[in-house]
Amino acid sequence: MPRISEFLSAIDERWKPIGGEPLVLQVIGSAALMLQTDYDRGTKDSDVLESRSGPARIKEQLVSLAGEKTDLHRQFRIHIDVVNRAILFLPQQPIFHPIPNLRLRNFKAEVLDVGDVVLSKLKRCNSDDKNDIRAMAERKLFDHTTLVQRFKDAADWFSMDARASDVPRYLKNLHRVERDILGLPESDIELPPECMPD
């Protein structure tokens, strides 16, 4: 069993029910890649999306059980980061899948789709992100045409608020990935007017 799966199982074993279990636990980032593929790399955290409607007690207990400097952090050398979904570069409706071969009592654990993880990594696009994207490309685990369409959907979603001004930078990162990792020409994407600099 992968270390991240063991980590989530350990959280489940220590969970004190708050009502409404099983709770939906959505895993994103490189942890999501490792939970649904044969990919493995060291990671210091396991990002989990903050629930849109769940009580603050969910986040509080997750962090108290598995946040930084907890016993589980020391045991597995992974800690939970609870992330507000609004900061992720994704369409309005991200795609999640059940985690294969992981049975939990208190949670229904889901992972962000590989293609959507790749899309979300265009926001920061540091060396770890590029390595993750390259590994998924080498395994042919995402489709370029779908990635471009999901990018357009995310750009449309971001164009509705203050996040619009960041989208041109994400487009540059997409072009870099297309050119340097996928060996493809840069996609001709017309951004919504709200995303263009004044």
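Before reading on, note that the structure itself is shown above.
These notes cover the structure that comes with them. (Residues numbered from 1 in each chain as written. Predicted model: local features only at pLDDT ≥ 70, side-chain atom pairs only at ≥ 80, totals over all residues. Heavy atoms only, no water.)

**What about the packing of helix α7 (residues 144–158) against helix α8 (residues 167–180)?**
Helix packing for two helices is described by the angle between their axes and how far apart those axes are. Our working definition: The axes used here are C-alpha line fits, helices contributing only the stretch in contact, and every angle between their N-to-C directions lies in the interval 0 to 180 degrees. Numbering goes from the N terminus for both helices and strands, where a helix is a DSSP run of H or I of at least four residues and a strand is a run of E of at least two. The cut-offs work like this: below 35 degrees is roughly parallel, past 145 is roughly antiparallel, 65 to 115 is roughly perpendicular, and the gaps in between are oblique. Residues count as neighbours in contact if any of their non-hydrogen atoms are within 4.5 Å of one another. Residues are grouped as follows: Ala, Val, Leu, Ile, Met, Phe, Trp, Tyr, Cys and Pro are nonpolar; Asp, Glu, Lys and Arg are charged; every other residue, Gly included, is polar.
The N-to-C vectors of α7 and α8 enclose an angle of 175 degrees; their axes lie 11 Å apart at closest approach. The pairing of α7 with α8 is recorded here as roughly antiparallel in orientation. Across the interface between the two elements, H144, L147, V148, F151, A155 and F158 of α7 pack against V167, Y170, L171, L174 and E178 of α8. Of the residues assigned to the contact of α7 with α8, the class counts are nine nonpolar, one polar and one charged.

**Notes on helix α3 (residues 56–66)**
Stated precisely, the cut-off is as follows: The rule is simple: take the accessible area with a 1.4 Å probe, protein chains only, and divide by the maximum for that residue type; under 20% is buried, over 50% is exposed, in between is partly exposed. Arc definition: it is the arc formed by the directions from the helix axis to the C-beta atoms.
Taken as a whole, α3 has its buried residues at I58, Q61, L62, L65 and A66. The buried residues of α3 occupy one face: seen down the axis, they fall within an arc of 100 degrees. When the buried face of α3 is taken as reference, the exposed residues oriented beyond 90 degrees from it are A56, E60 and S64. Buried positions along α3 lie against α1 (3–14), β1 (23–27), α4 (71–76), β3 (79–83) and β5 (107–112).

**A few points about helix α2 (residues 29–36)**
Burial of α2 is extensive: seven of the eight residues sit out of reach of the surface. Among all positions in α2, only G29, S30, A31, A32, L33, M34 and L35 are buried.

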